[in-house]
Amino acid sequence: MKSLFCRTIMRLLLGAVLSVAPGRLAAQAATNQDVQALQQEVNELRERLAEVEAKLAAFVAKPVPANGAAKTFVEPSRSSDAQAAPATVASSAPAEQAASKPAPFAFGDFTWMNGQSRQKSQPLANSFATVNLYLDTYYGYSFNQPRDNTIVGSGAVGRNTEWQINNATIGIDTNYKNVLGKITLQTGNQLAVTQDMDQTVNRGRNLTVANNKYIGEALAGYHFDKLDGINVQAGYFYSYIGLESYLLGENWNYNRSFLSDFTPFYFSGARIQIFPTDKIKIEPWFMNGYQTYGKWSKNNSVGLSNYWRPNESLGFVANFYYGTDTRDDPHRKRFHHDDSILVRYFNHPESAGISKMALSLNTHFGTQWDGVNPFPGRKEYILGSSFADRIWFSHDHLAWSFRAEGVTNPGRYLAFLPTPIGFPPGPDNYSLKLWDLTSTFDVLPTDFLAFRFEFISRHSNVPYFAGRGGTTSPDGWQGTQGVFVPDVAKHENRLTFAINWRM
């Protein structure tokens, strides 16, 4: 349109000049001075047209600022959250402020991190809300071949030689004029080994697992334009303790480490997300308990999550928890702490060979004290580390991850129970030492889909894993009568095939 406008003006002006020129030449004798004057006049008109064209081009190219331009705050998440694409919370900050101050953690690409979403974009998003879809389905195979098809000692995989939907979620994050809202609905096999285990709902009435477990996250809050952002929220939210995510598709390995399985996957309470700079997050928590919908006693629990990412290739995490989580014993206190470091030590995404390499180290210490000790003479604590290394190939479309870990838990106070009635009696009725090796190969056609093949070898100093006889009944079906001793083993080797889809 710009070129057509300019050509039209040029034709009109030249036509006017040419129509005037013959009259002049007929009325008076033509001279060289007349021709030069006309030529100069034409040149001046051309220069003026060039100026008009330049001004018009500048006017068309000038960006028009949108009203209520949003500034995005990126929250390290286990959906991530967490244990979450990274969860984003937008505020209606002015466009000038958004342009002058970078959003927290938006200075780099952290999709390589263990426990973080791989998505680099959010196709189901607009300026008002983001829709999140997630589907995790798996097939598990235990070489112990338990009669009842039940895998124990794992918070990730619960069934053997069956196709199962482990977790399916649909959620929406929204923000309007600094008002924050988030709700994620969930279903699947994983709820049976996490949410169904919450016993605080039996304290009093008016609280049930059935009315709560299908809600993964439900938060309401407000964003304050202070520092690099402050969010105040309350409801159900994913826990960051343990590094590896509640959503298995965000982890480098499909089966979580023992350490991450023993830590909370969700909290009921309130949190304040404080971003002092675009590289630091400090997040205090005020909760009902250690992965509970209700409380074990009159006391609430508190926690603190800290994230520091000095650059795109390095991340530090430190989380703390303190509470009273023992039934009828409010004097028994629990403390748990974990530290993590994540390092990307090689990055050539354009390479058809090795395109990226990274490692993560996650270390935990937790303890309980005072009150009534169920294991007299034994200190109750947990100590362990999990090391993982990941290598990406073929422009990040293939990846191989290796993990090794060791855990000691003399009081067994955070361990999954291997049978419905607890640990079987043995020479050592207290200690629990666990170690494993895990190898995972991923095929990653896009950021939204992964095909996962995994081998895991797990070991314990006491019987802890489901054996061939199973842990349910003589024939493996619930309710079957007869003499039955649960069959648990010290070793377990498993294969897992999984498909993770996320949009």
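Residues numbered from 1 in each chain as written. Predicted model: local features only at pLDDT ≥ 70, side-chain atom pairs only at ≥ 80, totals over all residues. Heavy atoms only, no water.

Undergrad: What am I meant to see in the packing of aromatic side chains here?
TA: Two measures describe an aromatic ring pair: the distance that separates the ring centres and the angle between the ring planes. The full count for this structure, using the stated rule, is 28 aromatic pairs. Geometrically, the ring pair formed by Tyr 141 and Phe 143 is edge-to-face, given 5.3 Å between the ring centres and 90° between the ring planes. Among the residues examined, Phe 143 registers a relative accessible area of 42% and is labelled partly exposed. Taking 6.3 Å as the distance between ring centres and 45° as the angle between the ring planes, the aromatic pair formed by Tyr 322 and Trp 369 counts as tilted. Linking Tyr 322 in strand β11 (residues 314-323) with Trp 369 in strand β13 (residues 354-369), this pair joins segments that are 47 residues apart in sequence. You can call Tyr 322 partly exposed: its relative accessible area is 34%. (Phe/Tyr/Trp six-rings, centres within 6.5 Å; stacked < 30°, edge-to-face > 60°. Buried < 20%, exposed > 50% of the residue type's maximum accessible area, 1.4 Å probe, protein only. Helix = DSSP H or I, 4+ residues; strand = E, 2+ residues; numbered from the N terminus.)

Undergrad: What is the right way to read the nonpolar core from this model?
TA: The tendency in soluble globular proteins is for nonpolar side chains to be buried as a group. Within the largest apolar cluster, 40 residues are counted, with the highest numbers of intra-cluster contacts made by Trp 112, Phe 262, Leu 434 and Tyr 464. Secondary structure elements with two or more residues in this core: α5 (258-261), β8 (266-277), β9 (280-287), β11, β14 (380-393), β15 (398-408) and β16 (433-446). Looking at which element gives the most residues to this core, the answer is β14, with three residues. Discounting residues that sit within four places of it in the chain, Leu 434 has contacts with Phe 258, Phe 262, Glu 405, Gly 406, Val 407, His 459, Ser 460, Tyr 464 and Phe 465. Of all hydrophobic cores here, the second largest spans 18 residues; its members include Tyr 134, Ile 151, Tyr 254 and Tyr 293. (Core = buried A, V, L, I, M, F, W, Y, C linked by side-chain atoms within 4.5 Å. Contact = heavy atoms within 4.5 Å.)

Undergrad: Is there a simple way to think about the environment of Leu 314 in this case?
TA: In this fold, Leu 314 is placed in strand β11. Through-space distance from the C-alpha of Leu 314 to that of Met 113 is 9.2 Å; in sequence the pair is 201 residues apart. Leu 314 has contacts with Trp 112, Met 113, Trp 308, Arg 309, Ile 341, Leu 342 and Val 343, leaving out every residue within four places of it along the chain.

Undergrad: Explain the pattern of salt bridges here, please?
TA: Per the counting criterion, the structure on display carries 19 salt bridges. In this structure, Arg 327 and Asp 328 form a salt bridge, with 3.7 Å as the shortest nitrogen-oxygen distance. With relative accessibility at 66%, the residue Arg 327 sits in the exposed group. Across the pair Asp 436 and Arg 458 runs a salt bridge, and its minimum N-O distance is 3.3 Å. Separated by 22 residues along the polypeptide, Asp 436 in strand β16 and Arg 458 in strand β17 (residues 449-460) bring together distant segments of the chain. Considered together, Asp 436 and Arg 458 belong to a single accessibility category, that of buried residues. Put simply, Glu 244, Arg 403, Asp 436 and Arg 458 are held in one network by salt bridges that share partners. (Salt bridge = Lys/Arg side-chain N within 4 Å of Asp/Glu carboxyl O.)

Undergrad: Just checking my understanding: could you explain the pairing of β9 for this structure?
TA: Two faces, one strand: in a regular strand the side chains alternate between the faces of the sheet. Of the strand pairs in this sheet, β8 and β9 are connected by five bridges, and their pairing is antiparallel. Residue Arg 271 lies in a different strand from β9, and its bridge partner there is Trp 285. Linking β8 back to β9 in an antiparallel pair, the connection comprises two residues. (Pairing = 2+ DSSP bridges.)

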